[in-house]
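Coordinate analysis (summary)
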Amino acid sequence: MQIRILFDNQSINSSFQSGLGFSCLLGDDVLFDTGADGLSLERNIQAFGVDVSLIKHIVISHDHWDHIGGLWWVLEKIENATVYICPGFSHEFINKLESTNANIVECVSPLPITDRIWTTGQIEGRYKDQAIFEQSIVLRGNQNISVVTGCAHPGIVEILREIKSSFPKDSIDFVLGGFHLLHHFKNDINVIIKEFQALDVKRAGPAHCTGGSAQNLFKESYQENCLDLRAGSRIAV
């Protein structure tokens, strides 16, 4: 399956717009998050040559502005899309979503979206001393899984442990997306990298809110198995 990074803090070249936020397309029909704004998302979708009408499923990791900003533009382009959310999202966001033509699915626990793509369901974390609810994506292969995170507010290691608990027979091949390590100290980041290795994660693709220092430390540890992902990147899993 091909993953295309549609929105990220950095881009591969000037053909793609960078901006705070994250979004990626899984195959042709599953969109994970929508970045900060519709104009940048539209530009990057066009740069990829993506056919928006093929998108049937939209998974929102959490309801922060840099992950939902392009959602309204997408929903104007697609009829009868199914949007997967966490029941703990804000009433303001849910009410606005209910005013659209989208089919809404609240994800409490792991749920299949397609044959290969699952949501983890709602995982609770803390952000600025408040509860936050987030879901991630699990791509299942032949006893191998890849994990895509939006911001990993519940903690990237905690998310991976939850996934291992839900899919105990599958090994984690690849973890990519926002790891939320921007303000972490070096020692703490190294502990997290060791936890990745203890979980036998083979490849890493730190992006979005991971932070430059953490990205460099992952690169030092994973070397060629650490991918530099930006808006415009393509990855096969």
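These lines cover the structure that appears in this document, whether it is placed above or below. (Residues numbered from 1 in each chain as written. Predicted model: local features only at pLDDT ≥ 70, side-chain atom pairs only at ≥ 80, totals over all residues. Heavy atoms only, no water.)

**Some thoughts on the overall build of the chain**
Rules: Under the scheme used here, helices are H or I runs from DSSP no shorter than 4 residues and strands are E runs no shorter than 2 residues, and both carry numbers assigned from the N terminus. Each radius of gyration is computed over the set of C-alpha atoms, and the globule rule expresses the reference value as 2.2 Å times the number of residues to the power 0.38. Categorising residues by exposure relies on relative accessible area from a 1.4 Å probe, with only protein chains included: less than 20% of the type maximum marks a residue as buried, more than 50% marks it as exposed, and the intermediate range marks it as partly exposed. In these tables, accessible area is a Shrake-Rupley quantity obtained with a 1.4 Å probe, and a residue counts as shielded only by the protein chains included in the view.
From N to C terminus, the chain includes seven helices and 15 strands. Against the 2.2 N^0.38 benchmark of 18 Å for 237 residues, the chain shows a C-alpha radius of gyration of 16 Å, consistent with a compact globule. Principal-axis analysis of the C-alpha atoms places the extent of the chain at approximately 45 × 40 × 40 Å. The burial tally for the chain puts 54% of its 237 residues in the buried class. When the accessible surface of the chain is summed, it comes to about 10600 Å², and 45% of that surface belongs to carbon and sulfur atoms.

**Here we look at the nonpolar core**
Stated precisely, the cut-off is as follows: Definition of nonpolar core: a set of buried residues of the types Ala, Val, Leu, Ile, Met, Phe, Trp, Tyr and Cys, connected through side-chain atoms within 4.5 Å. Contacts between residues were defined by any pair of non-hydrogen atoms, one from each residue, lying within 4.5 Å.
By size, the foremost hydrophobic cluster in this structure holds 32 residues, and its most contacted members are Ile58, Leu71, Leu75, Val83, Phe93 and Leu97. The set of elements that each furnish at least two residues to this core consists of strand E1 (2-7), helix H1 (38-48), helix H3 (71-77), strand E5 (82-85) and helix H4 (91-98). Ranked by residue count, the leading element in this core is H3, at five residues. Beyond its immediate chain neighbours, meaning those up to four positions away, Ile58 contacts Leu31, Thr34, Leu71, Val74, Leu75, Ala81, Thr82, Val83 and Tyr84. One finds Val157, Leu160, Ile163 and Ile192 within the second-largest nonpolar core, a separate group that totals 28 residues.

**Comments concerning the environment of Glu162**
By the secondary structure assignment, Glu162 is in helix H5 (residues 156-166). Here the alpha-carbon distance between Glu162 and Leu97, two residues 65 residues apart in the chain, equals 28 Å.

**So, the packing of aromatic side chains**
Formally: For Phe, Tyr and Trp, where Trp contributes only its six-membered ring, two rings pair if their centres lie within 6.5 Å, and the inter-plane angle classes them as stacked under 30 degrees, edge-to-face over 60, or tilted in between.
One pass over the full model with this rule turns up eight aromatic pairs. Ring geometry for Phe89 versus Phe93: centroids 5.8 Å apart, planes at 75°, classification edge-to-face. For Phe89, a relative accessible area of 3% corresponds to the buried category. Summarising the aromatic geometry, the rings of Phe196 and Phe218 are spaced 5.1 Å apart at their centres and angled 75° between planes, so their arrangement reads as edge-to-face. Taken as a pair, Phe196 in helix H6 (residues 186-198) and Phe218 in helix H7 (residues 212-222) lie far apart in primary sequence, 22 residues in all. Accessibility expressed as a relative area gives 0% for Phe196, which makes it buried.

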